[in-house]
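# Coordinates in review
Chain by chain, the residues:
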Amino acid sequence: MTFINLLNIMKEFIKVVVTSLPNDVVNALRSVCESEEGITKHVCNYMLKNVYLASRTQKPLCQDTGTLMFFIKAGSKAPYLNVLKKVIVKAVKELTKEGLLRPNSIDPFTNVNTGDNTGKYIPWIEWDIADDSDITEVTLYVAGGGSSLPARALVVRPTDGLNELVKLVFDIVPTYGINACPPLIIGIGIGATLEIAATLSKRALLKPVGARNPNPKVAKLETLLLSKLNGIGIGPQGLFGKTFVLDVHIEYSYRHPATYAIALSLSCWALRRGILTLYPEGRAYVSSHGVWLEGT
Amino acid sequence: MFGLKVHKLRTPINDEDIVNIAIGDILFLDGVVVTARDLVHRLVVKEGRNCPIDLNGLAIFHAGPIVKRHDNKWFIVSIGPTTSYRMEPYEYEFIERTGVKLIIGKGFMGNRTAKACRDFKAIVTLYPGGCGAITSFNIEEVLGVYWLELGIPEALWVLKVKELGPLIVTIDSKGNNLRNQIMDTVNKQRRKIIKEIYSSIANL
């Protein structure tokens, strides 16, 4: 596979992610549309119509194409790893120039927008290695501003850990969450330190809607938080209805004896997440959307 | 919850056009909309800069679009609302100074803005967020752009729109605020729910 080939695949992949939603999210929205009534049904149907039109016309379904965050699981025997980062940065720059991505990268001290979606540490890339594999998996999450704004992370006394977590969820989600484009997807991270909890809360958003944590106790807590959050009756876009939250996911690491770090990430209903699998001979498949990419 | 009362509005908007519009009503707008978000609000309200376009009777849109340029003409690729609550500290004075009549944004605004709506006769509406593609088809023309040096998302984009909506009224010109109803609902239940979960956690 040539550099240009890989670059085109990456551009096509980013385009798929910002112009359409993964299948699990579309299906979740469709069932919300069916169960809502009155104004919230009207609004949800409008959202679905937008999803359809965005995909048909290849336009970004939300104008906020976010901060691009890549989570890479690189096969230890996979080719092209030495160019993958360059390819990502170039793809992001070109797509911004082509008017597919909104320039969202701003110097926090001068407030100057770089205009091309790159800057210090941006796009954000996290690396992991898949042992003895020649396959590389690239997950892209587009972090929009509106739903990133209410995120929180803190370290609490370990004796109160879970209770503090519940309190954090109910302090933030039903209040700030109404402005973050509900129905929301909630990612919760638990760990030894602040940044472990924070990154796990973001990785929680990468799980498919409807998937439960393999630990039955954690799964039970996910379901409990989901039903209690929806039980308040806030509904889509905060206009009173049945579904305020599409799903709650928890990811955790083991903690330190003295700490219990908790973090909360939110996603708007327009959860733009894609998983690209790169095979060594050049095949590329977006499993989240069920699309093969040609890269030509 | 709501009666799904639908109104059509056209700019310039007069006080009489909006006095009978209530929270929960749905609007569709024809006319001129100007995007104005964080920096525009700060510059006009805190630094006293004059808004480069007369907003009296017009609508503002808390939004930062994706744009394209062809043959010296701008086109909107995707546009939708951004979180309006960030503008809450500035909106009272912004409405007072500019005479803007309709605010379009995402989510809800607070009671200072509601007071401005009552004092100066204006309304605040929520546009469903995340609907940038479909909305680009309601933009007939980009009439101009000001303060582009703030960056594409923060600039003032002057847009001619047709049937922009559904815009759901969250603050009416009497100062009624839908956000207060939601917060009442949340506050009535929150403590009880947290206690229920605490006892469930003990038996996980």
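Not measured: the values here are computed from a predicted model. (Residues numbered from 1 in each chain as written. Chains lettered and ligands numbered in written order. Predicted model: local features only at pLDDT ≥ 70, side-chain atom pairs only at ≥ 80, totals over all residues.)

## Looking at the overall build of chain B
Helix and strand content of chain B: six helices and nine strands. Taken over C-alpha atoms, the radius of gyration comes to 18 Å for chain B, in line with the 17 Å a tight globule of 204 residues would show. With the C-alpha coordinates aligned to their principal axes, the bounding extent of chain B is approximately 65 × 40 × 35 Å. In chain B, buried positions account for 50% of the 204 residues. Across chain B, every contact between residues at least 6 apart in sequence was considered, and the portion connecting residues at least 24 apart equals 66%. (Helix = DSSP H or I, 4+ residues; strand = E, 2+ residues; numbered from the N terminus. Rg over C-alpha atoms; globule rule 2.2 N^0.38 Å. Buried ≥ 20, exposed ≤ 12 C-beta atoms within 10 Å, placed from the backbone. Contact = placed C-beta atoms within 7 Å.)

## Examining the interface of chain B and chain A
On the chain A side, the residues contacting the 44 residues of chain B number 49 residues. For the side of chain B that touches chain A, the leading source of residues is helix α6 (residues 178–202) of chain B, giving 11 residues. Here the residues of the side of chain B that touches chain A sort into 27 nonpolar, 14 polar and three charged. (Nonpolar A, V, L, I, M, F, W, Y, C, P; charged D, E, K, R; others polar.)

## Points about the domain arrangement of chain A
We note that the domain assignment places domain 1 (3–22 + 60–144 + 272–293) and domain 2 (149–267) within chain A. Relative placement of domain 1 of chain A and domain 2 of chain A: their C-alpha centres are 26 Å apart. (Domains from an automatic or database assignment.)

## Describing the packing of helix α2 (residues 38–45) of chain B against helix α3 (residues 88–98) of chain B
All names here are of chain B. The interhelical angle for the contact between α2 and α3, taken along N-to-C directions, is 65°, at an axis separation of 9 Å. In terms of axis orientation, α2 runs roughly perpendicular to α3. Where α2 crosses over α3, the handedness of that crossing is left-handed. Of α3, the residues touching α2 (which contributes H41, R42, V44 and V45) are Y90, E93, F94 and R97. For the contact of α2 with α3, a count of residues per class yields four nonpolar, one polar and three charged. (Axes fitted to C-alpha atoms, helices over the stretch in contact; angles between N-to-C directions. Parallel < 35°, antiparallel > 145°, perpendicular 65-115°, else oblique. Left-handed = near helix turned anticlockwise from the far one by under 90°.)

## Here's the deal with the pairing of strand β7 (residues 260–267) of chain A
Residues and elements named next belong to chain A. By the criterion of burial, β7 is predominantly enclosed, with eight of the eight residues buried. Of the two faces of β7, both are covered, the one formed by Y260, I262, L264 and L266 as well as the one formed by A261, A263, S265 and S267. Sheet analysis places strand β4 (residues 152–156) next to β7, joined by five bridges and oriented antiparallel. Opposite V156, over in β7, you have Y260 as the bridge partner. As paired strands, strand β5 (residues 184–191) and β7 are joined by seven bridges and run antiparallel to one another. When the bridges of β7 are listed, I188 appears paired with L264. (Pairing = 2+ DSSP bridges.)

## Considerations on helix α4 (residues 81–97) of chain A
All names here are of chain A. A rise of 1.5 Å per residue sets the reference length of α4, with its 17 residues, at 24 Å; its end C-alpha atoms lie 25 Å apart and thus fit the reference within 8%. Residues of α4 that are buried: L84, V87, I88, A91, V92, L95 and T96. Those residues of α4 hidden inside the fold are in contact with α1 (3–19), β1 (67–75) and β2 (124–130). The first or second residue beyond α4 is G99, which carries a positive phi of 80°. (Expected span 1.5 Å × (residues − 1).)

## Focus on the environment of A54(A)
Within the element layout of this structure, A54(A) appears in helix α3 (residues 38–57). When the 25 C-beta atoms within 10 Å are taken as the criterion, A54(A) is described as buried. Separated by 34 residues in sequence, A54(A) and S20(A) place their C-alpha atoms 6.6 Å apart. Those residues in contact with A54(A) that lie beyond four places of it in its chain are T19(A), S20(A), K59(A), P60(A), L61(A) and A133(B).

## Some remarks on the pairing of strand β9 (residues 156–171) of chain B
All names here are of chain B. One ladder, built from seven bridges, connects strand β2 (residues 26–35) with β9; its direction is antiparallel. Note that in β9 the partner of L27 across the bridge is L167. Bridging between strand β7 (residues 123–126) and β9 involves three bridges; their strand directions are antiparallel. Counted as the bridge partner of L126 is I168 from β9. Relative to β9, strand β8 (residues 139–146) runs antiparallel, the two sharing six bridges. The residue bridging V142 from the neighbouring strand is L159, located in β9.

## Overview of the sheet that holds β7(A)
Residue and element names in this part refer to chain A. Sheet architecture is open: four strands sit in the order β4-β7-β5-β6, paired in mixed fashion. Of all the strands in the sheet, just β4 and β6 (245–252) have a single pairing partner and so form its edges. Taking the axes of each pair of neighbouring strands and ignoring which way they run, one obtains an average angle of 15° across the sheet. Contacting β4, β5 and β7, helix α6 (residues 161–176) runs over the sheet at an angle of about 25° to β7.

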